[in-house]
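Each chain, written out:
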Amino acid sequence: MNKLLEILSDVRPDIDFSQTNLLVEDGILDSFDIVMLVGELNEAYEIKIGVEDLVPENFNSVDSIMNLINRLKDE
Amino acid sequence: MIFTSSIFWIFLFIVLLLYFLIPKNSQWIVLLIASYVFYLFSGYGMVTFLLFTTTISFFAGILLEKINNNSKDYLNNNKSLTREQRKEFKRIIERKKRIIIFISIMLIFSILGFLKYYNFFSLNLTTLSNKLSVNLDLPSLQILLPLGISFYTFQSVGYIIDINRGKIKADKNFPKFALFLSYFPQIVQGPISRYDQLAKQLYESHPFNYDRVKFGFQLVLWGLFKKMVIADRLAIPVNNIFNNYLEYEGFSIFVGVLFFSFQMYCDFSGGIDIARGISEVMGINLVENFQRPFFSSSIDEYWRRWHITLGSWMREYVFYPLSLSKAFTKLGRSLRKTFGNYLGKILPTLIATIITFLAVGIWHGPNWKYVAFGLYYGILISAGIFLAPVRKSTLNKLKIKTDGFSWRLLNILFVFFATTIGRYFARADGIMQAGSMLKRTFSVYNPWVFFDGSLLKLGLSRHEYSIVFISILVLLLIEIFQENGVHIRTTIAKQNLLFRWSLYLAAIFTVLIFGIYGPEYVATDFIYQGF
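Rules used in this analysis
- Residues numbered from 1 in each chain as written.
- Chains lettered and ligands numbered in written order.
- Predicted model: local features only at pLDDT ≥ 70, side-chain atom pairs only at ≥ 80, totals over all residues.
- Heavy atoms only, no water.
- Helix = DSSP H or I, 4+ residues; strand = E, 2+ residues; numbered from the N terminus.
- Rg over C-alpha atoms; globule rule 2.2 N^0.38 Å.
- Buried < 20%, exposed > 50% of the residue type's maximum accessible area, 1.4 Å probe, protein only.
- Contact = heavy atoms within 4.5 Å.
- Areas by Shrake-Rupley, 256 points an atom, 1.4 Å probe, with all protein chains shown as cover.
- Patch = residues over 30% accessible without salt bridge, like charges linked within 9 Å, V, L, I, M, F, W, Y side chains within 5 Å.
- Salt bridge = Lys/Arg side-chain N within 4 Å of Asp/Glu carboxyl O.
- Phe/Tyr/Trp six-rings, centres within 6.5 Å; stacked < 30°, edge-to-face > 60°.

A. Geometry of the overall build of chain B. Each helix and strand counted, chain B has 21 helices and zero strands in total. Taken over C-alpha atoms, the radius of gyration comes to 25 Å for chain B, in line with the 24 Å a tight globule of 531 residues would show. Overall, the C-alpha framework of chain B stretches about 85 × 65 × 60 Å when taken along its three principal axes. Looking at chain B residue by residue over its 531 residues, the buried ones come to 52%. Put simply, of all contacts in chain B between residues at least 6 apart along the chain, 76% involve residues at least 24 apart. Per element, the accessible surface of chain B, about 26300 Å² overall, is 67% carbon and sulfur.

Below, the structure written as structure tokens:
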């Protein structure tokens, strides 16, 4: 989890990620952030977040991002 | 066999008769035979290319799925593997899949590449070598482009990638799969359907349904109206101006390009309406390819409403894979270090956008003008993204209300103007002509051409202009209704019998009387059929 928070704060240092679970729907993370984040996550966790995973539900909160990572790691 | 030719209507009549008369579970066989008969009309040899692409993508799909399944089974049966071992196994599988994808897509694209782009490369390489005094003399070949090649090639590549992504299951039935790639209403000019949007509908049985058949034919009629009454009529002044552009300047040229905007839209979307209408008659819903693009209030939105299936194909299979690639992640990181977080964040997207639009441009054809066309849109959209914060703060400072109708109208007009400029490249014979026409447009101010009868010398009489004007007004009115959520055909269905049938008959006679039937009643080609 700490590793993820580190990556997130690197992508968007201005946001307190623990405070919200509507990161995408409230427009806090825009599509540029997501694209950048996906690249970083793919590398850091050695996973492959694909085009089909780019849906708001997967990026709305730290927990949902963590779930996505865990799911892809298990696959 | 063009949609607007009489032979097509005889063909369609026979197909529909068979389609609804034979046992329902064999309907797909009628469609397959009809599609190949339709295709054979475009030239016997051309079928070879279609069959080649069908075979390659069919077997690539099966192979990819087999690897996917086998690797899943292996991992499930060997839970004791260490993390490192699993990772190594996955790496090998990924490599295997990548090789299959690479070979199959290369084979499919190389046919398209050779047939469509060979002469372009040979000509440019010869010119370049002459300049470098190497004197390479590559021959130019007389190549006939197989019907719909740009459309079915993209559809088959999408299919292969979707299987690799695990989004769809591979088709195990070759004849059925052949139908997916050759389905006759859409092979001419799209829409570029995805396997999960279309295949199942083609294989299922569809009983005769009066309402659906009625709605389908209404859409066909609407498409014919757009194509034959508006597009083919506007083609006359458009051809006149573009073929003799040195005789025109200022507003005369601009009017020609404006006419071409409407011609292009009515030609392409009319053709799609006919394809969707015929499909609807048979119980098949083809995806939409147009959503009233002239109502877009940004260029970005325009490309989500114009040739939607090409745009979404490019987004799905070019833009995102590029943006999410390792190279782009690295690029983003180094740009962030140099230019700070904001620029580092958007610059890779801007680069991916420009590359994607270059691909959109080149998809249209082997010509530098399409490279310019792609770059034009790529740069325009990138500039929009880049300047978004400046735009926002300027609007705030000037206290401009952006939620009102006037602001939307202004944006719509801007997009319409910007896309009209793009059409200089789409219609001119080459990049030099497009450039020259642009220069001739903006170097002269001659608004009197609207009043001194100049426009009447372009091949359309006053009476013909009235037909075009009223038709475009009808089109505009219908689209305004649709923009406001009115479903025209359902609304008409609710009216009294007398009103309904008067309307249908009026529409039929409008197409029959005011349609343009080409020299000696030869149906005119659709523009996008050439791509």
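B. Broad picture of unusual backbone geometry. A cis amide bond links Gly190 of chain B to the next residue, Pro191 of chain B, at an omega of 5°. Mapped onto the secondary structure, Pro191 of chain B falls in the loop between α7 (184–187) and α8 (195–203). Residue Glu46 of chain A is not a glycine yet carries a positive backbone phi of 50°. One non-glycine residue, His307 of chain B, lies in the positive phi region at around 45°. Here His307 of chain B is to be found in the loop between α11 (299–305) and α12 (308–323). The class of His307 of chain B is buried, set by a relative accessible area of 0%.

C. Fine view of a nonpolar patch on the surface. All names here are of chain B. The grouping of Phe208, Tyr210, Leu497, Trp501, Leu505, Ile508, Phe509, Leu512, Ile513 and Phe514 at the surface amounts to a nonpolar patch, some 1000 Å² of accessible area in total. The biggest single contributor to the nonpolar patch is helix α21 (residues 497–514), with eight residues. By secondary structure assignment, the location of Tyr210 is in helix α9 (residues 210–243).

D. Highlighting the packing of aromatic side chains. Residues and elements named next belong to chain B. Considering all chains together, one arrives at 54 aromatic pairs over all chains under this definition. Plain terms: the ring middles of Phe151 and Trp363 are 5.3 Å apart, the flat faces sit at 80° to each other, and that makes the pair edge-to-face. Separated by 212 residues along the polypeptide, Phe151 in helix α5 (residues 149–164) and Trp363 in helix α14 (residues 341–364) bring together distant segments of the chain. The exposure class of Phe151 is buried, given its relative accessible area of 2%. On the numbers, 5.2 Å between centres and 75° between planes, the contact of Tyr376 with Tyr377 is edge-to-face.

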